[in-house]
Amino acid sequence: MVRLLAIGAGLLFTLVVMISFVADAYNAATTDTPETAEYVFHEEARSPDGGWSFNGPLGKWDIAQLQRGYKVYKEVCSACHGMKFVAFRNLADLGYTENQIRAEAATWQVPGIDPATGEATMRAAEPTDYIPSPYPNDVAAAAANNNAIPPDLSLITKARHHGTDYVYSLLSGYQPIPNELKAEFPEFKTPAGLYYNPYFQYLNIAMAPPLTSSGQVTYDDDTESTIPQMAEDVTAFLTWSAEPTLVKRKQTGWPVLIFLLFATILAWMAKQQIWSAVKPAKRKD
Amino acid sequence: MSFPWAKQYSPGNDFTKWVDEKLPLPRLVYNAVGAGYPVPRNLSYMWNFGVLAGFCLVLQIVTGVILAMHYAPNALVAFSSTEHIMRDVNWGWMLRYAHANGASFFFLVLYLHIFRGLYYSSYKAPREMIWLLGVVIFLLVMATAFMGYVLPWGQMSFWGAKVITGLFGAIPLVGEPIQIWLLGGYAPDNAALNRFFSLHFLLPFVTAGVIILHIWSLHIPGSSNPTGVEVKSESDTVPFHPYYTAKDGFGLGVFLIAYMAMVFFLPNYLGHADNYIEANPLATPANIVPEWYFWPFYAILRAFTFDFILPAKLWGVIGMFSSILLWFILPWLDRSPVRSGHYRPLFRKFFWFGLIPCILVLGYCGGAHLSTFTILASQIATAYYFLHFLVILPLLSSFEKPEPLPYSITEAVLGSDKKAVLGENTSPAV
Ligand code: HEM
C-alpha cells in the first residue's frame with residue numbers, strides 16, 4: 001500500500017516537473033533572449049603584476065604598502081567613503097606608534113557635542129574614534145553622488161566576489177567605451193554622471209574615476225605614485241581593513257596543521273597496532 | 001540488548017563500585033562506546049561519519065555558546081556585533097570562522113553519513129527507527145543552520161530569510177497569515193531576528209537529545225556493516241573500544257586537518273560575498289542563494305515552473321519538502337531482502353549512475369545563476385530524484401537478482417568461517 005501510494009506520488013511529481021520542463025524548453029526554443037552588453041563586455045577581475053604580498057598560505061602584509069594605501073584612502077577616497085569598522089587605534093597594525101596615531105587621528109574631524117551648550121559640533125578625532133563617513137546620512141550621500149551611495153569601504157574586499165582583485169581592477173579599469181561594444185550594442189550609452197568601467201557589474205558606475213594622474217598622492221617613501229600603484233596600494237589597505245587578522249590567521253594555521261598532522265600520524269600508528277591482531281593477512285582467493 | 005558475548009563492566013575499585021551502585025553512568029558509557037559494545041569487525045571508513053557528526057555538534061555548541069556571549073540579536077547592531085567579534089574579541093575571528101565552516105563540515109559529514117545509509121540500506125529492518133530519528137536530526141540541523149545564517153544580518157541573511165519564509169506564503173488561504181505570524185511582521189526584522197536567535201540557540205540541544213535516542217536505538221540491533229549480513233557469532237565482532245575508538249580517532253584527525261585548513265586558509269570560500277554587506281530591505285541581491293548545503297533542495301524548489309492545477313510555487317514548496325520527507329518511508333519502499341549495495345547489481349547502477357549524478361546536478365543548479373540551462377537540467381534531475389526513490393526503488397527488488405552473499409562477516413573477512421562451518425555458534429543474535 002505504501003509502495004503504491006509512493007509510486008503514484010513519484011509519477012505525479014515527475015509529470016508536473018516534466019510539464020515544466022517541456023514548457024520551459026519550448027519557451028527557450030521559441031523566444032531568443034538577446035545577449036546584453038553587461039554580459040558580453042563584463043571583465044573578470046585581475047591581480048596586479050607580481051600578485052599580492054598577503055596572498056597564499058605564507059602571505060604577509062607589506063607594511064610600507066599599507067601605509068601608502070592609507071594615505072591614498074585618506075587623501076582621495078575619504079572624500080566620499082567612510083570606514084565605520086576601522087578605528088584610528090587599529091592603525092597600530094600599520095606600524096604607527098601611539099603618539100603618531102594620536103596625531104593622525106587629530107587630523108580628522110568627527111561629530112561631537114559642545115560641552116558647554118550640548119549642541120552638535122565637530123571635534124578632532126581620538127584614537128578610539130572610528131573613521132567617519134563624509135556624509136551625515138545616506139540621503140546626503142546620494143544627493144551628492146548622482147543618486148548613488150558610496151558604500152562604506154571597511155569590508156569592501158570581502159563584500160565582493162574576488163574582492164581584492166576586483167577593487168584593484170575597478171580602480172585601474174576606467175576606459176572609454178570600446179569600439180566593439182559600440183558596434184555590437186549601438187543602443188548602449190553611458191548617461192551623464194556615470195562612467196564606463198568594464199569591471200563594474202553594470203558597466204556604468206556612478207563613481208568618477210578617483211585616481212586620475214600620476215603624483216596625485218605624494219608618497220612618503222620613494223615609490224612612484226602611478227595610477228596602478230595607487231590602486232594597488234589602496235586595495236592592499238582595504239584588504240587589511242576588511243580582515244585585519246588575515247596574516248595572523250594564516251600564521252596560526254600552520255602550527256595547528258602541523259600539530260594535527262603529527263597527531264593524526266600517531267593515531268594512524270595506534271590504529272594499525274591495535275588492529276594488527278585481528279586483521280587477517282591479505283586474502284588469497 | 002547486546003550480544004551475549006559482550007564484555008561486562010566490572011568496577012575496579014571501591015569508588016567506582018560505589019558510583020556504579022548509585023548511578024551506573026560509567027557502565028552506560030562502557031556499554032555504549034566502550035569495550036562492552038561488540039561491533040562488526042569489517043566496518044569501512046564510511047562508518048566513521050556518525051561519530052564525526054556527533055563531534056561536529058559538540059563543536060558547534062562550544063563555539064556557538066561563546067559567540068553568543070558577544071553577539072547581539074538586534075537588527076540595528078547584529079551586523080556590527082558580528083564585526084566586533086571578528087575584530088575586537090580575542091580570537092573571535094577564529095571562533096566565528098570555526099562556527100561558520102563548522103556548519104559546512106557538519107553537513108558534509110551528515111551527507112556522507114546519509115549516503116552510507118542509502119548505499120548499504122542501513123534503513124532496513126531492524127534499523128528503521130535509527131533511520132527515522134536520523135531524518136529528524138537532519139531536519140533539525142537544517143532548521144538550525146538556516147536560522148544561524150540569518151544572525152549576522154548580512155544581505156544573504158536577510159534575503160534568504162525572506163525567500164524561505166516566503167515559501168509559507170504559497171500555502172493557499174492561510175499562507176500569508178502564517179508567514180506574518182512566523183516572522184512577527186511583513187518582512188524579516190527585529191522580531192524575526194530575535195526568535196531565530198532564540199531557536200538557533202535551542203535547537204542544537206534538542207538535536208543532542210534526539211541523537212541520544214538515535215544511538216539508543218542503534219544499540220538494540222547493533223551496527224550494520226558493508227556486507228549487510230547480520231552478526232552471527234563472536235568472531236564477527238570486535239569490542240568498540242579499543243578497535244573503533246582507535247579508528248575513529250584516526251578519522252577525526254583527518255577530518256580536523258581538512259576542517260582546520262579551511263578555517264585558517266580559506267575561511268570565506270564557502271560563504272557568499274554579499275553577506276559582508278549589511279542587510280538592506282531596499283536592495284535585492286542579483287542572485288539570492290542559500291549556503292551550498294541547501295543547493296540541491298533549492299534547485300528542486302526552483303524546478304517547478306508550471307501552474308499545473310496548483311500554482312508552480314506551491315508545487316515547488318511541496319516538491320522541496322517531499323524530497324526530504326520521503327526518506328521517512330524509505331524503509332517500507334525498498335523491499336529487497338539484501339541490504340548492501342555490494343550485492344545488488346541493478347541497485348548499484350542506479351545509485352552510482354543515477355542518484356549520485358542527479359544530486360550533483362541539483363547541487364550545481366541550486367547554486368548557479370538562473371539560466372535556461374540550469375532550469376532545464378534541474379528539472380530532469382528533479383524528475384529522476386523522485387523516480388529513483390518513489391518508483392525505481394520500490395520496483396527494483398522484483399527485477400533484480402542479487403549476487404550471492406557471504407555466509408557471515410567472518411567469512412567475508414577471512415575467506416572462510418570455520419566455526420560457522422562447524423556449526424559451533426548458531427545462537428541467533430538478540
Ligand atoms: C546544530 C548546530 C549548529 C549549526 C548547524 C549552526 C550553524 C550556524 C550558521 C550557518 C551560522 C552563520 C554563520 C556565519 O555566517 O557567520 C551560525 C551563526 C551563529 N550561531 Fe550557530 N550553529 C549551530 C549551533 C549553535 C549553538 C549551539 C549556538 C549557541 C548556543 C550558536 C550560536 C550562533 C551565533 C551567536 C551565531 C551568529 C554569529 C555569527 O554569525 O558567527 N550556534 N550558526
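Caption draft 1: How the structure looks around the overall build of chain A. Secondary structure summary: chain A contains 9 helices and 6 strands in total. Relative to the globule expectation of 19 Å for 285 residues, the C-alpha radius of gyration of chain A, 28 Å, shows a markedly less compact shape. Along the three orthogonal principal directions, the C-alpha set of chain A runs to about 85 × 65 × 45 Å. Here chain A holds 285 residues, and the buried ones make up 41% of them. Within chain A, contacts between residues separated by at least 24 positions form 65% of all contacts whose residues are at least 6 apart in sequence. A total of about 15,900 Å² of accessible surface is found on chain A, and carbon and sulfur atoms cover 60% of it. Counting 22 positive and 30 negative side-chain charges, chain A places the centres of these two groups 16 Å from one another.

Caption draft 2: View of the interface of chain A and chain B. In this complex, chain A contributes 58 residues to the contact, which on the side of chain B involves 69 residues. Counting the surface lost from both chain A and chain B, the interface buries some 5,200 Å², and carbon and sulfur atoms represent 74% of this. Of all residues in chain A, Arg3, Phe13 and Trp275 of chain A bury the most surface against chain B, accounting for 14% of the area lost on that side. Here chain A is connected to chain B by 2 salt bridges. Joining chain A to chain B, the criterion identifies 16 residue pairs in polar contact (both at pLDDT 80 or more). Only α1 (2–30), β1 (83–87), α8 (227–242) and α9 (246–275) of chain A provide two or more residues apiece to the side of chain A that touches chain B. If you tally residues by element for the side of chain A that touches chain B, the top one is α1 of chain A, at 21 residues. Tallied by class, residues from the side of chain A that touches chain B come to 35 nonpolar, 11 polar and 12 charged.

Caption draft 3: Focus on the coordination of the iron atom of the ligand. Residues and elements named next belong to chain B. On the protein side, the iron atom of the ligand has His99 (NE2) and His200 (NE2) as donor atoms, found 1.9 to 2.0 Å from it. One can describe the site at the iron atom of the ligand as octahedral: its 6 donor atoms subtend angles covering 85 to 179° at the metal. With a gap of 101 residues between them, histidine 99 in helix α5 (residues 92–119) and histidine 200 in helix α9 (residues 190–218) connect regions that are remote in the sequence. Just as histidine 99 is buried, histidine 200 falls in that class too.

Caption draft 4: The arrangement of the nonpolar core in detail. Within the largest apolar cluster, 125 residues are counted, with the highest numbers of intra-cluster contacts made by Phe138, Trp327 and Tyr385 of chain B. Not counting residues up to four positions away in its chain, the partners in contact with phenylalanine 138 of chain B are Phe107, Leu110, Tyr111, Ile114, Phe297, Ile324 and Trp327 of chain B. If you look at the next biggest cluster of nonpolar residues, it comprises 43 residues, including Val110, Ile156, Val167 and Tyr199 of chain A.

Caption draft 5: Structural detail: the site of the ligand. Residue and element names in this part refer to chain B. Close to the ligand lie 25 residues, the nearest being Gly64, Arg96, His99, His200 and Phe201. Histidine 99 places a side-chain nitrogen or oxygen 2.8 Å from a nitrogen atom of the ligand. At 2.7 Å, a side-chain N or O of histidine 200 approaches a nitrogen atom of the ligand. The set of elements that each furnish at least two residues to the shell around the ligand consists of α3 (49–70), α5, α6 (128–150) and α9. Top element by residues in the shell around the ligand is α3. It accounts for 7 residues.

Caption draft 6: Layout of helix α3 (residues 63–75) of chain A. All names here are of chain A. Relative to the 18 Å expected for 13 residues at 1.5 Å per residue, α3 spans 18 Å between its end C-alpha atoms, a close match to the ideal helical length. Of all the residues in α3, the buried ones are Gln65, Leu66, Arg68, Gly69, Tyr70, Val72 and Tyr73. Contact partners of the buried residues in α3: β1, α4 (98–106), β4 (130–131) and α8.

Caption draft 7: Spotlight on a nonpolar patch on the surface. A grouping of Leu261, Phe262, Ile265, Leu266, Trp268 and Met269 of chain A together with Tyr45 of chain B is seen on the molecular surface, where their side chains present a nonpolar patch of about 700 Å² in accessible area. Structurally, methionine 269 of chain A is set in helix α9.

Caption draft 8: Expanded view of the pairing of strand β2 (residues 109–113) of chain A. All names here are of chain A. Only one face of β2 is covered, namely the face carrying Val110 and Gly112; the face carrying Gln109, Pro111 and Ile113 is uncovered. By the bridge criterion, 5 bridges tie β2 to strand β3 (residues 120–124) in an arrangement that is antiparallel. Along β3, the bridge assignment pairs isoleucine 113 with alanine 120. Linking β2 to β3, which pair antiparallel, is a turn of 6 residues; within it glycine 118 sits at a positive phi near 80°.

Caption draft 9: Highlighting the pattern of salt bridges. Enumeration according to the criterion identifies 19 salt bridges over all chains in this entry. In this structure, the salt-bridge partner of aspartate 233 of chain A is arginine 68 of chain A, at a minimum N-O distance of 2.8 Å. You can see aspartate 233 of chain A sitting in helix α8 and its partner arginine 68 of chain A sitting in helix α3, a full 165 residues away along the chain. We classify aspartate 233 of chain A as buried; its relative accessible area is 0%. The shortest N-O distance in the salt bridge between arginine 339 of chain B and glutamate 230 of chain B comes to 3.0 Å. In this pair, arginine 339 of chain B is assigned in the loop between α13 (330–333) and α14 (345–367) and glutamate 230 of chain B in the loop between α9 and β2 (237–239), connecting sequence segments 109 residues apart. Overlapping salt bridges, with partners in common, bring together Lys124, Asp334, Arg344 and Glu400 of chain B in one network.

Caption draft 10: Inspection of the environment of tyrosine 407 of chain B at higher detail. Residue and element names in this part refer to chain B. Take tyrosine 407: it is sitting in the loop between α15 (372–399) and α16 (409–414). Overall, the relative accessible area of 39% leaves tyrosine 407 in the partly exposed class. Linking tyrosine 407 and aspartate 14, residues 393 residues apart in sequence, is a C-alpha distance of 45 Å.

Caption draft 11: Local environment of the side chain of arginine 344 of chain B. Structurally, arginine 344 of chain B can be placed in the loop between α13 and α14. When neighbours within four sequence positions are excluded, arginine 344 of chain B is seen to be in contact with Ser121, Lys124, Asp334, Ser336, Val338, Arg339, Leu396 and Glu400 of chain B.

Caption draft 12: Local environment of the confidence of the model for chain B. Mean pLDDT over chain B stands at 94; residues scoring 70 or higher make up 96%. With pLDDT under 50 throughout, residues 420–430 of chain B is counted as low confidence; its partners more than four residues away or in other chains account for 12 contacts.

Caption draft 13: Representation of the packing of α1 of chain A against α15 of chain B. With their axes 9 Å apart at the nearest point, α1 of chain A and α15 of chain B run at an angle of 160° to one another. When the axes of α1 of chain A and α15 of chain B are compared, the pair comes out roughly antiparallel. The two elements α1 of chain A and α15 of chain B cross, and the hand of that crossing is left-handed. Its residues placed into classes, the contact of α1 of chain A with α15 of chain B shows 20 nonpolar, 7 polar and 2 charged.

Rules used throughout
- Residues numbered from 1 in each chain as written.
- Chains lettered and ligands numbered in written order.
- Predicted model: local features only at pLDDT ≥ 70, side-chain atom pairs only at ≥ 80, totals over all residues.
- Heavy atoms only, no water.
- Helix = DSSP H or I, 4+ residues; strand = E, 2+ residues; numbered from the N terminus.
- Rg over C-alpha atoms; globule rule 2.2 N^0.38 Å.
- Buried < 20%, exposed > 50% of the residue type's maximum accessible area, 1.4 Å probe, protein only.
- Contact = heavy atoms within 4.5 Å.
- Areas by Shrake-Rupley, 256 points an atom, 1.4 Å probe, with all protein chains shown as cover.
- Lys, Arg positive; Asp, Glu negative; His and termini not counted.
- Charge placed at Lys NZ, Arg CZ, Asp CG, Glu CD.
- Buried area = accessible area lost by both parts, 1.4 Å probe.
- Salt bridge = Lys/Arg side-chain N within 4 Å of Asp/Glu carboxyl O.
- Polar contact = N/O pair within 3.5 Å; in protein donor to acceptor, adjacent residues only side chain to side chain.
- Nonpolar A, V, L, I, M, F, W, Y, C, P; charged D, E, K, R; others polar.
- Donors = N, O, S within 2.8 Å, 3.2 Å for Na, K, Ca; no water.
- Tetrahedral: all angles 85-135°; square planar, octahedral: opposite > 155°, others 65-115°.
- Core = buried A, V, L, I, M, F, W, Y, C linked by side-chain atoms within 4.5 Å.
- Near = heavy atom within 4 Å.
- Expected span 1.5 Å × (residues − 1).
- Patch = residues over 30% accessible without salt bridge, like charges linked within 9 Å, V, L, I, M, F, W, Y side chains within 5 Å.
- Pairing = 2+ DSSP bridges.
- pLDDT = per-residue confidence, 0-100.
- Axes fitted to C-alpha atoms, helices over the stretch in contact; angles between N-to-C directions.
- Parallel < 35°, antiparallel > 145°, perpendicular 65-115°, else oblique.
- Left-handed = near helix turned anticlockwise from the far one by under 90°.

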